[in-house]
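Each chain, letter by letter, is given below.
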Amino acid sequence: MKKVYIETYGCQMNVADTEVVFAILGKAGYARTEDIAGADVIMANTCSIRDNAEQRIWGRIDQFQKQRTERPGTRVGILGCMAERLGGKLLESGKVDFVAGPDAYRTLPRLLADVEDGHPRAEVELSREETYGEISPVRIDRNGVSAFISIMRGCNNVCSYCVVPYTRGAERSRDWHTIVKEACECAEAGYKEVTLLGQNVDSYRCGDIDFAKLLAMVAEVSPSLRVRFSTSHPKDISDRLILTMAAHPNICRHIHLPVQSGNDRILEKMRRRYDRAWYLERVSKIREVMPDCGISTDAIVGFCSETEEEFRDTLSLFEEVGYDSAFMFNYSERPGTLAARNYPDDVPQDVKTRRLEELISLQNRLSLESNRRDLGKVFEVLVEGPSKKNPAELCGRTGSNKMCVWPDSTHKAGDYVRVMVLDCTQATLLCKLVKDI
Ligand code: SAH
Ligand code: SF4
Ligand code: F3S
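Because the structure is predicted, anything quoted here is derived from the model rather than measured.

Participant: Help me understand the overall build of the protein, please; the structure alone is not making it clear to me.
Facilitator: Helices and strands together make up the secondary structure of the protein, namely 14 helices and 21 strands. A compact globule built from 437 residues would reach a C-alpha radius of gyration of about 22 Å, and the protein, at 22 Å, matches this within 12%. Overall, the protein is about 65 × 55 × 45 Å in size when its C-alpha atoms are taken along their principal axes. The buried share of the protein, taken over its 437 residues, is 56%. Restricting the contact set of the protein to residue pairs at least 6 apart, pairs at least 24 apart contribute 72%. Each charge sign in the protein was given a centre, from 60 positive and 65 negative side chains, and these centres are 1 Å apart.

Participant: Whenever I open this one, unusual backbone geometry confuses me. Can you help?
Facilitator: Negative phi is the rule for most residues except glycine; trans is the rule for most peptide bonds. Look at the link from Ser230 to Thr231: it is a cis peptide, with omega at 10 degrees. Mapping Thr231 onto the fold places it in the loop between strand 13 (226–230) and helix 9 (239–247). The residue Arg271 is not glycine, and still its phi comes out positive at about 60 degrees. Note that Arg271 resides in the loop between helix 10 (264–269) and helix 11 (276–289). The exposure class of Arg271 is partly exposed, given its relative accessible area of 33%. One non-glycine residue, Ser305, adopts positive backbone phi at about 70 degrees. By secondary structure assignment, the location of Ser305 is in the loop between strand 15 (294–301) and helix 12 (308–321).

Participant: Sorry, what's going on with the site of ligand 1 here?
Facilitator: What surrounds ligand 1 is a group of 15 residues, the closest being Gln199, Pro258, Gln260, Asp298 and Ser332. Measuring from an oxygen atom of ligand 1, one finds a side-chain N or O atom of Gln260 at 2.7 Å. A distance of 3.1 Å separates an oxygen atom of ligand 1 from a polar side-chain atom of Arg272. For ligand 1, whose accessible area on its own is 550 Å², the fraction buried by protein is 90%.

Participant: Would you take a moment to explain the nonpolar core for this structure?
Facilitator: A general trend in soluble globular proteins is that nonpolar side chains are found buried together. If you look at the biggest cluster of nonpolar residues, it comprises 53 residues, and the most contacted ones within it are Leu196, Phe211, Phe229 and Phe318. Counting 28 residues, the second-largest nonpolar core is a separate cluster that includes Val4, Leu25, Ala104 and Leu108.

Participant: Help me understand the site of ligand 2 in this model?
Facilitator: For ligand 2, the full set of nearby residues is Cys155, Asn157, Val158, Cys159, Tyr161, Cys162, Val164, Pro165, Gln199, His233 and Arg272. Tallied by class, residues from the shell around ligand 2 come to seven nonpolar, three polar and one charged.

Participant: Explain helix 11 to me, please; I cannot follow it from the model alone.
Facilitator: Since the α-helix turns once every 3.6 residues, residues separated by three or four places project in the same direction. Helix length check: helix 11 (14 residues) gives 20 Å between terminal C-alpha atoms against 20 Å at 1.5 Å per residue, within 8%. Buried residues of helix 11: Arg276, Tyr279, Leu280, Arg282, Val283, Lys285 and Ile286, and no others. Residues of helix 11 that are buried sit in contact with helix 9, strand 14 (254–256), helix 10, strand 15 and helix 12.

Participant: Sorry, what's going on with the pattern of salt bridges here?
Facilitator: Opposite charge on two side chains allows them to pair when their charged atoms are near. Counted according to the given criterion, the structure contains 45 salt bridges. Arg312 is paired through a salt bridge with Glu308; the nearest N and O atoms lie 3.3 Å apart. In this pair, Arg312 and Glu308 are both assigned in helix 12, four residues apart and thus about one turn of the helix distant. Arg312 sits in the partly exposed class, given a relative accessible area of 36%. Classification of Glu308 by relative accessible area gives partly exposed; the value is 28%. Close ionic contact of Arg365 with Glu319 constitutes a salt bridge, the shortest N to O distance being 3.0 Å. Placement of Arg365 in helix 14 (residues 349–372) and of Glu319 in helix 12 is noted, with a sequence separation of 46 residues between them. Taking the relative accessible area as the measure of exposure, Arg365 reaches 37% and is therefore partly exposed. Among the charged side chains, a network of salt bridges with common partners joins Glu306, Glu308, Arg312, Arg354, Arg355 and Glu358.

Participant: Quick question: what am I supposed to make of the environment of Glu7 here?
Facilitator: Along the chain, Glu7 turns up in strand 1 (residues 2–8). Here the alpha-carbon distance between Glu7 and Val124, two residues 117 residues apart in the chain, equals 19 Å. If we ignore the near neighbours within four places in the chain, the residues touching Glu7 are Ile36, Met43, Ala44, Asn45, Arg60 and Phe64. A polar contact is formed between the side chain of Glu7 and the side chain of Arg60, at a distance of 2.5 Å.

Participant: I'm lost on the packing of helix 7 (residues 176–188) against helix 8 (residues 211–219) in this one. Help?
Facilitator: Between two packed helices, the angle of one axis relative to the other and the distance separating the axes together describe the packing. At a closest axis distance of 9 Å, the pairing of helix 7 and helix 8 adopts a crossing angle of 30 degrees. Put simply, helix 7 runs roughly parallel to helix 8. Crossing of helix 7 against helix 8: the hand is right-handed. Contacts between helix 7 and helix 8 pair Trp176, Ile179, Val180 and Ala183 from the former with Leu214, Met217 and Val218 from the latter. Split into classes, the residues belonging to the contact of helix 7 with helix 8 amount to seven nonpolar, no polar and no charged.

What counts and how
Residues numbered from 1 in each chain as written. Chains lettered and ligands numbered in written order. Predicted model: local features only at pLDDT ≥ 70, side-chain atom pairs only at ≥ 80, totals over all residues. Heavy atoms only, no water. Helix = DSSP H or I, 4+ residues; strand = E, 2+ residues; numbered from the N terminus. Rg over C-alpha atoms; globule rule 2.2 N^0.38 Å. Buried < 20%, exposed > 50% of the residue type's maximum accessible area, 1.4 Å probe, protein only. Contact = heavy atoms within 4.5 Å. Lys, Arg positive; Asp, Glu negative; His and termini not counted. Charge placed at Lys NZ, Arg CZ, Asp CG, Glu CD. Near = heavy atom within 4 Å. Polar contact = N/O pair within 3.5 Å; in protein donor to acceptor, adjacent residues only side chain to side chain. Areas by Shrake-Rupley, 256 points an atom, 1.4 Å probe, with all protein chains shown as cover. Core = buried A, V, L, I, M, F, W, Y, C linked by side-chain atoms within 4.5 Å. Nonpolar A, V, L, I, M, F, W, Y, C, P; charged D, E, K, R; others polar. Expected span 1.5 Å × (residues − 1). Salt bridge = Lys/Arg side-chain N within 4 Å of Asp/Glu carboxyl O. Axes fitted to C-alpha atoms, helices over the stretch in contact; angles between N-to-C directions. Parallel < 35°, antiparallel > 145°, perpendicular 65-115°, else oblique. Left-handed = near helix turned anticlockwise from the far one by under 90°.

Read these as spatial facts, not as claims about activity.
Next comes the structure, spelled out in structure tokens:
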């Protein structure tokens, strides 16, 4: 059996896709390996979201050449968003034998056979229908506790800075029957948590089933299966969804609600299609219905023409919401996007970097304040495994998605435990075990 090694970059959707690729290749007679030195086929499932993501992958492609020269016949392939964006250009580099975009994974067995015949190939056609709906993914065992379930592909929003609509194509929802079936299979296989994935889960639709209904069906698979989801778009997150979360104790109280900017002119230019007031109203609604709900976000600083004052609006919005955590980025121009075609990338690099540092240090304080508010509280936590820093301690997350660590020699990954928060850092709640559930 030929052995396949895959490295996965980018978002959780890529992790889910790598699991689909292993399923497709497994059926075609390929075995999975985690050892690059013994692999017959080496692939990288790639990300194009920012320029530095692509630069990092070019660096990896250079390193793969070592395997190609040491063991002639080893094939190197590029999957994912960078494959879609660059297609044949990757082949022209002479460093890659095949390229497959996100909707072309069913063609991989044929592609690999062609490559054996000495024909480098790129398959990057996007599809309006492909969802890999009926394929049962081969889980990349991260901890055996938590699984990703992809519920839709592509994106129709076309935010002006974003490459995803070009690399992943039009939005399409996967048939709900196959999603619920996959959640049942996860529960039967011993998984304790599933995360439903899409670029904009709130616009999921399959016949009469919208995202709130889908979420309820998945939550009803088993009371001991935790359900998470990502990503919500502020313009689409509905009251029905918030009420559905509140009605199901096993839907985790955490919403990732990327704001991108706190300034209305910039939001408009980003084509986010909400304004600051709308966003803050959605946050109030979430907190009114679920006061204990964790809220995290993404933000971009230094978007085209962003002034200092406009950047300050992002700072003040962070302060006003008091996020539990956030991912923050410098704007990176992506070729072909609306912003790249219409607006100059005119905020100097040093200004972007300084703004990013300022936002990160604000969020560090907000994360610490958020964790301090949890001192003395008791949480139900799903054990993920030993803590990375101290093997005598276990780690796991609260429903609100905060990482906890506590001394424990009796439990194991997949158990639910109750812990009390004694102390905290900005990133972690330091706890003690209270009692079993
Ligand atoms: N679908 C999600 C976002 C997916 S991309 C949503 O709409 O919220 C993840 C994050 O990467 C985005 O939220 C944004 O903050 C960031 N991002 C996307 N394009 C970017 C770019 N060109 N430069 C910098 N950050 C970007
Ligand atoms: Fe990109 Fe916007 Fe779609 Fe998110 S919603 S993937 S930011 S285009
Ligand atoms: Fe990156 Fe593609 Fe995900 S660009 S963030 S891997 S959808």
